[in-house]
Amino acid sequence: MSADPVTLAIISTTIQGVGAYSQLQASKARNKALINQYESEKKFNQLKGLQDSNDVLEEARRKRKQNLAIVAGSGYSDDSGSFLTTQAEIDRIAERDIRNIKINVLRGESKLDSAIYTTRVMGKAEKYGTYAKIGAAAFSTYSYSQSYKPRGQYRGGMQSDGNYYDPYDPGQTE
């Protein structure tokens with residue numbers, strides 16, 4: 001048993017469409033996993049920035065306490081200019097370090113947001129490209145099926161009773 005070329009073309013187009021659609025589903029799953037990974041990395045970076053900021057503040061507190069202990073042990077007053085200047089310098093350095101940590105966290109988040117956006121845009125482009133590919137294959141198959149007319153089509157009856165129509169014979173009419 002053999003199939004006509006139009007049936008084979010329809011089967012081929014169906015298989016191509018199913019294959020393209022399954023690839024699209026796999027791509028969607030991959031993109032979703034990537035976006036989840038980027039989101040997790042953003043949360044990790046935020047947590048790391050918070051930990052680093054807390055470490056800087058803790059180190060600044062430790063240095064201020066050391067400075068106070070030195071001043072108290074030496075007999076100086078805690079309102080001396082040297083003591084206050086040292087305390088202010090410790091605070092200034094801690095604030096600068098915390099600002100730098102925040103800038104680095106924001107820069108990392110910006111890169112991850114850009115990666116998430118790119119992944120989403122490319123996913124949409126792939127999705128619509130796949131749908132266009134499936135549609136083009138369907139239209140191509142339809143066009144082929146409309147253009148494929150085997151010579152000598154019967155419209156009921158036998159060739160001998162005059163119901164034989166050959167579309168490629170210019171002398172015949174329907």
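Right above here is the structure, for reference.
Everything in this summary refers to the structure shown in the same document. Just so you know, the residues in each chain are numbered from 1, in the order the chain's sequence is written. Residues qualify for local features only when their pLDDT is at least 70, as the model is predicted, and side-chain atom pairs are given and counted only at 80 or more; totals for whole chains, interfaces and linings, by contrast, use all residues. Hydrogens are left out, water is left out, and the side-chain values use all remaining heavy atoms of the structure.

## Let's talk about a nonpolar patch on the surface
Okay, so step 1: A cluster of nonpolar side chains, namely L8, I11 and I15, defines an oily patch on the protein surface of about 300 Å² accessible area.
Okay, so step 2: Locating I15 in the fold gives a position in helix α1 (residues 5–74). Each patch is built from residues lacking any salt bridge and having more than 30% relative accessible area; the joining distance is 9 Å for like charges and 5 Å for nonpolar side chains (Val, Leu, Ile, Met, Phe, Trp, Tyr). Only the protein chains shown count as cover for residues, and the accessible areas themselves come from Shrake-Rupley with a 1.4 Å probe. Salt bridge criterion: a side-chain nitrogen from Lys or Arg within 4 Å of a carboxyl oxygen from Asp or Glu. In this description a helix means any DSSP run of H or I spanning at least four residues, a strand means any run of E spanning at least two, and both kinds are numbered starting from the N terminus.

## Examining the pattern of salt bridges
Okay, so step 1: Overall, the coordinates contain 8 salt bridges when judged by the stated rule.
Okay, so step 2: Between E59 and R62 there is a salt bridge; the shortest N-O distance is 2.1 Å. Residue E59 and its partner R62 are located together in helix α1, separated by 3 residues, close to a single helical turn.
Okay, so step 3: Accessibility here uses a 1.4 Å probe with only protein chains present; expressed as a share of the type maximum, an area under 20% marks a residue as buried, one over 50% as exposed, and anything in between as partly exposed. Under the relative-accessibility criterion, E59 is labelled partly exposed at 31%.
Okay, so step 4: The exposure class of R62 is partly exposed, given its relative accessible area of 37%.
Okay, so step 5: For R92, the salt bridge identified is with E89, shortest N-O distance 2.6 Å.

## Quick look at the layout of surface pockets
Okay, so step 1: Residues are said to line a cavity or pocket when one of their atoms sits within 4 Å of a point; the points come from a 1 Å grid over protein atoms alone, cavities being sets where a 1.4 Å probe fits but cannot get out and pockets being open sets with protein on both sides within 12 Å along at least five of seven lines. Grid points are joined across faces, edges and corners, and a volume is the space filled by probe spheres set on the points. Reported here for the largest pocket is a volume of approximately 230 Å³.
Okay, so step 2: Looking at the largest pocket, the residues that line it are L24, S27, K28, N31, K32, I35, T119, R120, G123, K124 and K127.
Okay, so step 3: When residues of the lining of the largest pocket are traced back to their parent elements, those giving at least two are α1 and α2 (81–147).
Okay, so step 4: In terms of residues, the lining of the largest pocket owes the most to one element, α1, which gives 6 residues.

In short, the description is geometric, and any link to function would need to be established separately.
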